[in-house]
Amino acid sequence: MTDRDTMHGAAAVMHGAAAVPRAEDFGRRLAEFAADLRTLRLECGNLPLREIARRAPRNRPLSAAAVSETLNGKRLPRLDFLMALVRTLLAHDQEGRPHPLDRDDPRLDTWRARWRDLELLRTAQRPVSHRLGTPGRDLAPAVPTSAATPPDSYPVTVAPASPITHLSEADAPRFLFGDRSRGARSLAFSPDGRLLATANDTAEVRLWNATTGECAGDPLTGHGDGVRSLAFSPDGRLLATTGRDRVVRLWDMRTSAAVGKPFAGNGILWTLAFSPDGSVLATGGRDRTVQLWDPTTQEPIGPPLPGHTGGVEAVQFSPDGRLLASGGAGGTVRLWRVDGGEPEGKPLVGHTSEIRALAFSPDNRLLASGDWDGMIHLWDYHTGAPVDEPLTGHLNAVRGLAFSPDGRLLVSVGMDRTIHSWDPVYRTPAPPQPRSPAAHPLRLLIPCRQLLPRRPLPRGRR
């Protein structure tokens, strides 16, 4: 897999002094976009509308009527719809015969980028409402109140987690580490909130005082290649790191010394997570499997868990420690019983691109998953059913998801340099949760500057 984690530089960045685009600008660009889609259809065999719908991905059906509206420029479709349409067309030659389409085909990124530019143009025309919790509103992305062109590398910032209606001086992101952090590919707080560990695809891990932003000792060195993921054990005594050198290393946080010898996975590793009690460590990576480990003995717990059709890019334990969720390039979420490693139910199908982030709600009711196309799906993982329609708003890959400790807020972080906060959708009312922000801060670290307003969800699914 090619490394695509560099932020996509959107061509349309709206500055405070810039003129608001006119409706005819969007209409003209949408017409050009639709004309190019029609040209693509001709180049790929000119399939009839019903045939396009019939050959669409099973996990993202397309209706002939909606395809017709898109090709004729009557509306800008959602990103997942567009990408399913483009993938369907590109998977056929000039005679309309099916042929393999690589998931990293550069033409897919071109269409994604064009959609994002159009969406920025569309949303820039309408005023932003700062009301919260209004049911039934469009879930299209909101307009940033201000924006600045970001640098090539992104210093780590801490953003407020309270519902955001507008950015005041007190709400503004606070830079902790400045240019010294050189951005962060992966980061994790210690359970007590005092330490922050960061990795930026080099062979070292840096530790920071989360309050002052100062370095907390020398970097942790020992990996032979870029570190891709890290996680603290629940008791804060261990830090687990992994990456391109295909090994997992454990570090004693009291001494910053390595614990034991590095233990190996089957290929480059992209993600890892501790179980809630710290007795199990899960890893996933390029070999399309999940492996469970005993952190004490550093030995594998059973054989690798197969089933994914692409590399595993996210793993997450349920709060009760009974289940492990995994997702990745295959676009499906799989659930595993931690005790025994058996699959739990059928795979959760609905994404049209690789899954980059997972999060369980604290009450064990919901699972959230975010993908490369910026879509967030909510699942009742006990039944395997999706909860309503996907949450839309990000213009690029969703790279992080987190529920607040009381379960009333879901926060997503994207490669479009934005944070979104959502009202989680419950099929039944959630039991009361203790709420103490001082004792349970929701802390987010993000390589971005701009925060977006909280997006309401449809009535009837709260």
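The preceding data block contains the structure.
Quick caveat: nothing in here was measured; it's all calculated off a predicted structure.

Attention now goes to the pairing of strand β24 (residues 410-414). Among the 5 residues that make up β24, 5 are buried, leaving the element largely enclosed by the rest of the structure. As judged from the 5 bridges shared by strand β23 (residues 398-403) and β24, these two strands associate in the antiparallel manner. Counterpart to Val398 in the pairing with β24 is Gly414. Between β23 and the antiparallel strand that follows it, β24, lie 6 residues; Gly407 among them carries a positive phi value of about 75°. One ladder, built from 4 bridges, connects β24 with strand β25 (residues 418-422); its direction is antiparallel. Note that in β25 the partner of Val413 across the bridge is Ile419. Hairpin connection from β24 to β25: 3 residues lie between these consecutive antiparallel strands, with Arg417 at a positive phi of about 70°.

This part covers the packing of aromatic side chains. What the rule picks out here adds up to 3 aromatic pairs. When the ring of Phe33 is compared with that of Trp111, the centres are 5.4 Å apart and the planes differ by 75°; the resulting orientation is edge-to-face. With Phe33 in helix α1 (residues 23-43) and Trp111 in helix α5 (residues 106-123), the pair connects residues that are 78 residues apart, well separated along the chain. As far as the burial class goes, Phe33 and Trp111 line up, both buried.

Another point: the sheet that holds strand β21 (residues 376-380). With respect to topology, 4 strands assemble into an open sheet ordered β19-β20-β21-β22, the strand pairing being antiparallel. Strands at the two margins of the open sheet, each flanked by one partner only, are β19 (355-360) and β22 (385-386). Sheet topology note: the β21/β22 ladder contains 2 bridges and is antiparallel. Paired with Trp379 across the strands is Pro386, a residue of β22.

Reading guide: rules and limits
Residues numbered from 1 in each chain as written. Predicted model: local features only at pLDDT ≥ 70, side-chain atom pairs only at ≥ 80, totals over all residues. Heavy atoms only, no water. Buried < 20%, exposed > 50% of the residue type's maximum accessible area, 1.4 Å probe, protein only. Helix = DSSP H or I, 4+ residues; strand = E, 2+ residues; numbered from the N terminus. Pairing = 2+ DSSP bridges. Phe/Tyr/Trp six-rings, centres within 6.5 Å; stacked < 30°, edge-to-face > 60°.

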